[in-house]
Amino acid sequence: MYQINFPACEGRGLVCIILTAGHAQKLSKEIQDDKSGRYGHLKGVPKALLPSPQGKRILDHWWDAINTRQLFSNVFLVTNADKYKYFERWATASEFPVENIINDGSTTEANSIGAVADFELTLRVKNLWEYDILVIAGDMLFQDSKFDIAQVIDYFRRKTDGDLAIYYDMEESEPISSRGIVEVCHQTNKILKFLEKPLPNVTGSRNASVVFYTFRSETVALVPVYLGEHLKTTQRTFGAFMEWIINVKKVLVYGMKLPTGFQLIGQVGLKDYESWVSYFANQEENECRDPITMRAYARVGLMGNPSDGFNGKTVSLSIANFWAEVTITESSNLRLIPHPVNDPTEFGSMSDLYGISDKEGYLGGLRLLQATCKKFYYYCVQRGIALTRRNFTLSYDTNIPRQVGLAGSSAIVTATLKCLMAFFDLTDQDMSKNLQPQFILDVEKDELHINAGLQDRVVQIHEGLVYMDFSKSLMERQGHGNYSHLDVALPSFFLAYLSNPSDSGRMHSDVSVRWRKGDSEVIEGMQKFAELTDLAAKAFKIADWSALASLMNENFDLRRQLYGDVALGQENLKMINIGRSYGAAVKFPGSGGAVIGFLQDESKKEEMQQHYQREGCVIVDIIPKEPAVKLPYLDPFKELM
Ligand SMILES: *[C@@H]1O[C@H](CO)[C@@H](O)[C@H](O)[C@H]1NC(C)=O
Ligand SMILES: *[C@@H]1O[C@H](CO)[C@@H](O)[C@H](O)[C@H]1NC(C)=O
Ligand SMILES: *[C@@H]1O[C@H](CO)[C@@H](O)[C@H](O)[C@H]1NC(C)=O
Ligand SMILES: *[C@@H]1O[C@H](CO)[C@@H](O)[C@H](O)[C@H]1NC(C)=O
C-alpha cells in the first residue's frame with residue numbers, strides 16, 4: 001500500500017486500547033432465557049466473543065484489522081472481572097499478549113465504572129500518557145472488508161493539529177437517538193458539534209459517531225480532568241466525554257466517514273443480534289460487484305479562447321462520434337491493463353519498435369489510469385473519505401483520434417474517475433460536479449505535466465453544449481466557473497482532422513507567458529474572445545446561423561493574429577483554407593490537428609468533403625452528445641438581448 005511520510009509525527013507511538021468491559025445484560029439475559037435451543041452454546045459468552053458472519057467472533061474482526069500491520073506500538077484490552085477468563089482464553093488462542101489484558105473488577109452493570117474510567121484505568125496502569133491512543137469498542141459489529149484501518153491512521157497522521165473520530169451514514173431504520181451524532185464541516189471535515197443520542201428535532205445530521213477515536217496525547221491528558229468533574233458512572237460514557245471535549249473544551253476533532261455501519265452498540269437484545277448478524281452476512285455475500293464501464297466523449301470547442309485557462313468564456317460541445325471507455329472490475333489484486341495498441345509492449349522487430357515510437361511517442365493511456373488512481377487515493381485521504389478495502393482491475397479503450405486536439409487524454413482520465421467513484425460508492429456529495437473538472441485537470445497538470453485548462457474537463461463531465469464563464473472573480477470566489485447548458489438547435493457541423501498527424505512539428509506559442517506577464521495585446525484578445533462567446537450564445541439562441549458563421553470566422557482570425565502562423569502550423573492553416581474556399585465557417589475545435597465548421601449553403605458539401613479527403617483528412621458529420629442531466633439554466637446573455 002502507498003505509504004505517506006509524516007515527519008512531524010516521527011517518534012510518537014500510537015497505542016490501541018480495546019474496550020470490552022461493558023456488561024451486555026439485556027443480551028445475556030435473553031440468550032439465557034431463549035427457549036429455541038439455538039443459543040445454548042452461547043450462554044455466558046461475552047458480547048465481544050459472540051459469533052458474527054464468516055465464522056469469526058466479533059472481536060476477531062477488530063483483532064484482524066489491528067494485528068495485520070505494524071500500525072501500533074502496543075495493544076491493550078480492558079474487560080471486567082465477570083468475563084475476564086473468556087478473554088484470557090481468547091488471547092492465548094489468538095496470539096494476543098495476555099499481560100496486556102486489564103481487569104476493571106466489575107461484575108455487574110450496577111458496579112461497572114463506565115467506559116471513560118476503563119480507558120483511564122488502562123492509561124494509568126500501563127503508563128500511556130505520552131502516547132497517541134486509538135480507542136475502540138471491541139463489541140461492535142462492522143464489516144471489516146469495507147475499510148482499511150491503515151487509511152484511518154494515515155488521515156490522523158496528516159491532521160497533526162487535531163483528534164479523529166470516524167462516523168458513518170445511518171441506515172434509515174436506525175433512530176438518531178441511539179447514537180452520538182456529529183455535525184461535520186463539509187470543507188474542512190472538522191466536527192462542529194457532537195450530540196449524544198439527540199432527539200430528531202435537534203439536528204438534521206445522520207452522521208453517527210461510534211467509539212473509534214484517535215486522540216493526541218494532549219487530549220488524553222484531559223481524561224482525568226473529565227473524570228474529576230463527572231463522578232457518576234452514567235456520565236462516564238464516551239458520548240458524554242466527546243460532547244464535553246468538542247462542545248465545551250473546543251478541542252479540534254476531525255471526522256472521517258467510513259463506508260461501513262457499526263451495530264450492536266450498547267444494550268441490545270437477541271433480536272437485534274440475530275437481525276444485524278444476518279444483515280452483515282448478506283452484505284458480504286452481495287459484495288462482489290458486476291464490472292462497471294464508464295464513457296467520456298470527445299469535445300469540440302465552438303467558441304471562445306483556446307483551452308489554456310485565461311479566465312475567459314467559451315462554448316464547447318461534447319460529441320457522440322468518439323469516446324473513451326474505462327472498465328473497473330473487482331479482482332483479487334490491483335491491476336492496470338495496458339492497451340494492446342496504445343501501450344505497446346510487444347513489437348514485430350526493432351524497426352517496428354522504431355517506427356511506432358517515432359510516430360506515436362511514449363504517451364499511451366496507462367499512465368493516465370495510474371495517475372488518476374494515485375490522485376484519487378490522495379483526494380480521499382485528504383478529505384477523510386475512507387475507501388472500501390478491495391482490489392480492482394482497470395482497463396480502457398478509446399476511439400478518439402490522437403494528436404488532433406479532441407481531448408482524448410482527459411476523456412480517459414474522466415472515464416477513470418467516474419469508474420473509481422462508482423466502484424467506491426462516492427457520490428457528487430463527496431466530489432461535486434463543479435470540482436470534478438479541476439480534479440481531472442490536476443491529474444493531468446500535477447502528475448503528468450500536461451499543460452491545459454479547465455474547459456475540456458467541464459464539458460466532458462457535463463456533456464452537451466456548455467457555456468462556460470471562467471471570469472477571475474468567479475474562479476477566485478467559487479474555485480470554479482459558472483457553467484450552463486445552452487438548450488438550442490445546432491447547425492450541422494462537420495469535423496475534419498489529419499489522418500496522419502505528427503507531434504514533432506508542433507510549435508509552442510508564447511501566448512500564455514505573455515498573458516501571465518500582463519501583455520496588453522493578449523489581455524485584450526482574451527476579452528475579445530469572451531465577447532465573441534457571448535455574441536455566439538445569442539446567435540445560438542435565435543438560430544441566427546449567418547451571425548454564428550461570422551463569429552466563428554472572427555474567432556479563428558483573432559487566434560491567428562495572437563498566435564501567429566508558425567504556431568498554428570501549415571497543415572492546420574490548409575484545413576482552414578479548404579473550408580473557407582467553399583464558404584464554410586471554420587475554426588479549430590482544440591489545440592490543432594482538426595477543424596470544425598459548417599456550411600450555410602450545403603450544395604457544396606460533397607465537393608468540400610472530397611477535397612478534404614484528397615488532402616489526407618478524415619471528415620465526419622458531428623453527432624452531438626446529449627447530457628444525461630441538464631444544468632440549471634443561468635441566462636448568461638440576458639443583457640445582450
Ligand atoms: C454528514 O457527512 C457528509 C459526508 O461526509 C457531509 O458532507 C455532511 O455535511 C454531514 N452532515 C452534517 C449535517 O454534518
Ligand atoms: C424537540 O422536541 C422536544 C419534545 O419532543 C421538545 O421538548 C424540545 O423543545 C424540542 N427541541 C427543539 C430544538 O425544537
Ligand atoms: C490486494 O492485492 C494485494 C496484492 O496482490 C494483496 O496482497 C491484498 O491482500 C489484496 N487485498 C484485498 C483486500 O484483496
Ligand atoms: C454564477 O452563478 C451563480 C449561481 O450559481 C449566479 O448567482 C451568479 O449570478 C452567476 N454569475 C455570473 C457572473 O453569471
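Remember, it's a predicted structure, so these values are computed and weren't measured experimentally. (Residues numbered from 1 in each chain as written. Chains lettered and ligands numbered in written order. Predicted model: local features only at pLDDT ≥ 70, side-chain atom pairs only at ≥ 80, totals over all residues. Heavy atoms only, no water.)

Draft legend 1. Looking closely at the overall build of the chain. Of the regular secondary structure elements, the chain holds 21 helices and 21 strands. Projecting the C-alpha coordinates of the chain onto the three principal axes gives extents of approximately 95 × 60 × 50 Å. Going through the 641 residues of the chain one by one, you find that 52% of them count as buried. In the chain, of all internal contacts separated by at least 6 residues, the share reaching a separation of at least 24 is 76%. Accessible area of the chain: about 28700 Å², with a carbon and sulfur share of 49%. Across the chain, the 68 positively charged side chains and the 79 negatively charged ones have centroids separated by 3 Å. (Helix = DSSP H or I, 4+ residues; strand = E, 2+ residues; numbered from the N terminus. Buried < 20%, exposed > 50% of the residue type's maximum accessible area, 1.4 Å probe, protein only. Contact = heavy atoms within 4.5 Å. Areas by Shrake-Rupley, 256 points an atom, 1.4 Å probe, with all protein chains shown as cover. Lys, Arg positive; Asp, Glu negative; His and termini not counted. Charge placed at Lys NZ, Arg CZ, Asp CG, Glu CD.)

Draft legend 2. Just the UniProt feature "domain: Nucleotidyl transferase" (unreviewed entry) in the chain, in detail. In the numbering used here, UniProt assigns the "domain: Nucleotidyl transferase" (unreviewed entry) feature to residues 45-223. This span, residues 45-223, is 26% helix and 25% strand, and a straight line between its end C-alpha atoms measures 30 Å. (UniProt positions renumbered as here; feature names shortened; annotations may be inferred.)

Draft legend 3. The domain arrangement of the chain, seen in detail. Domain annotation of the chain identifies domain 1 (14-285) and domain 2 (293-621). The C-alpha-based centres of domain 1 and domain 2 are spaced at 50 Å. Between domain 1 and domain 2, the residue contacts involve 17 residues of the former and 14 residues of the latter. Carbon and sulfur atoms make up 43% of the area that domain 1 and domain 2 hide from each other, which totals about 1300 Å². Remark: the boundary between domain 1 and domain 2 carries 8 residue pairs in polar contact (both at pLDDT 80 or more). Breaking the side of domain 1 that touches domain 2 down by element, the ones donating at least two residues are α5 (149-158) and β10 (253-257). For the side of domain 1 that touches domain 2, the element with the most residues is α5, which contributes 4 residues. Considered class by class, the residues forming the side of domain 1 that touches domain 2 number 5 nonpolar, 5 polar and 7 charged. (Domains from an automatic or database assignment. Buried area = accessible area lost by both parts, 1.4 Å probe. Polar contact = N/O pair within 3.5 Å; in protein donor to acceptor, adjacent residues only side chain to side chain. Nonpolar A, V, L, I, M, F, W, Y, C, P; charged D, E, K, R; others polar.)

Draft legend 4. Spotlight on helix α10 (residues 350-360). Of the residues flanking the start of α10, the one acting as N-cap is S349, its side-chain oxygen 3.3 Å from the backbone nitrogen of S351. Directly after α10, the chain includes G361, whose backbone phi takes a positive value near 75 degrees.

Draft legend 5. Molecular detail of the site of ligand 1. Taken together, Y167, E183, V184, H186, S205, N207 and K257 are the residues near ligand 1. Between ligand 1 and the protein, one listed contact pairs an oxygen atom with a side-chain N or O atom of H186 at 2.8 Å. N207 places a polar side-chain atom, nitrogen or oxygen, 2.5 Å from an oxygen atom of ligand 1. Grouping the constituent residues of the shell around ligand 1 by class yields 2 nonpolar, 3 polar and 2 charged. (Near = heavy atom within 4 Å.)

Draft legend 6. Representation of unusual backbone geometry in the model. Of note in the backbone geometry, A407 takes a positive phi value of approximately 70 degrees without being a glycine. One non-glycine residue, H449, adopts positive backbone phi at about 55 degrees. For H449, the location among the structural elements is in the loop between α13 (436-448) and α14 (455-462). Judged by its relative accessible area of 66%, H449 falls in the exposed class.

Draft legend 7. Structural context of the state of the cysteines. Applying the stated criterion to the full structure yields 0 disulfides. No disulfide involves C185; its sulfur sits 18 Å from that of C380, the nearest cysteine. In this structure C185 comes out as buried when scored by relative accessible area, which is 18%. (Disulfide = S-S within 2.5 Å.)

Draft legend 8. Quick peek at the site of ligand 3. Around ligand 3, the structure places S332, N333, R389 and N391. Taking N391, its side chain carries an N or O atom lying 2.3 Å from an oxygen atom of ligand 3. Starting from 360 Å² of accessible surface for ligand 3 in isolation, the protein chains cover 39%. Among the residues forming the shell around ligand 3, the class breakdown is no nonpolar, 3 polar and 1 charged.

Draft legend 9. Summary view of the sheet that holds strand β19 (residues 585-587). Taking strand neighbours across the sheet as the criterion, the 4 strands line up as β19-β20-β18-β21 in an open arrangement whose pairing is antiparallel. Looking at which strands have only one partner, the edges of the open sheet turn out to be β19 and β21 (617-621). Averaged over all adjacent pairs, the angle separating strand axes in this sheet is 20 degrees, with direction ignored. Judged from the 4 bridges that link them, strand β18 (residues 494-498) and strand β20 (residues 594-598) form a sheet pairing that is antiparallel. Within the sheet, the bridge partner assigned to L495 lies in β20 and is I596. Most of the contacts of helix α18 (residues 545-563) go to β19, to which it runs at about 35 degrees, and overall it touches β19 and β20. Strands in contact with helix α21 (residues 605-614) are β18, β19, β20 and β21; relative to β21, the strand with the most contacts, it is inclined by about 145 degrees. (Pairing = 2+ DSSP bridges. Axes fitted to C-alpha atoms, helices over the stretch in contact; angles between N-to-C directions.)

Draft legend 10. Local environment of the side chain of T393. Within the secondary structure layout, T393 lies in strand β15 (residues 392-398). Since its relative accessible area comes to 15%, T393 is described here as buried. Engagement of the side chain of T393 in a polar contact is seen with the side chain of S331, the distance being 2.8 Å. The residues touching T393, leaving out its near neighbours within four places in the chain, are T327, I328, T329, S331, N333, R335 and I337.

Draft legend 11. Structural detail: the pairing of strand β16 (residues 465-469). Counted residue by residue, β16 has 5 buried out of 5 residues, so it is predominantly covered. Here β16 shows no split at all, with L465, Y467 and D469 on one side and V466 and M468 on the other all buried. As defined by bridge partners, strand β13 (residues 313-330) adjoins β16 across 5 bridges and the pair is classed as antiparallel. Bridging from a neighbouring strand, T314 pairs with M468 of β16.

Draft legend 12. Representation of the pattern of salt bridges within the structure. With the rule as written, the count across this model stands at 36 salt bridges. The partner of R295 in a salt bridge is E325, and the shortest N-O contact between them spans 2.6 Å. Placement of the pair is R295 in strand β12 (residues 292-304) and E325 in strand β13, with a sequence separation of 30 residues. Residue classification places R295 among the partly exposed positions, given a relative accessible area of 32%. In this structure, E447 and K374 form a salt bridge, with 3.0 Å as the shortest nitrogen-oxygen distance. With E447 in helix α13 and K374 in helix α11 (residues 366-383), the pair connects residues that are 73 residues apart, well separated along the chain. What makes E447 partly exposed here is its relative accessible area of 23%. Taking the relative accessible area as the measure of exposure, K374 reaches 43% and is therefore partly exposed. (Salt bridge = Lys/Arg side-chain N within 4 Å of Asp/Glu carboxyl O.)

Draft legend 13. Looking closely at the UniProt feature "domain: GHMP kinase N-terminal" (unreviewed entry) in the chain. Following the UniProt record, the feature "domain: GHMP kinase N-terminal" (unreviewed entry) maps to residues 384-463 here. Here residues 384-463 is 46% helix and 9% strand, with 29 Å between the C-alpha atoms at its ends.

Draft legend 14. Examining the packing of aromatic side chains more closely. A complete count under the given rule lists 38 aromatic pairs for this structure. Cluster of aromatic residues (ring-pair linked, three or more members): F119, Y213, F215, Y226, F238, F241 and W244. For R295, the ring lying beneath its charged end belongs to W323, and the centroid distance is 3.9 Å. Against the face of F423 rests R390, its NZ or CZ located 4.5 Å from the ring centre. (Phe/Tyr/Trp six-rings, centres within 6.5 Å; stacked < 30°, edge-to-face > 60°. Lys NZ or Arg CZ within 6 Å of the ring centre and 35° of its normal.)

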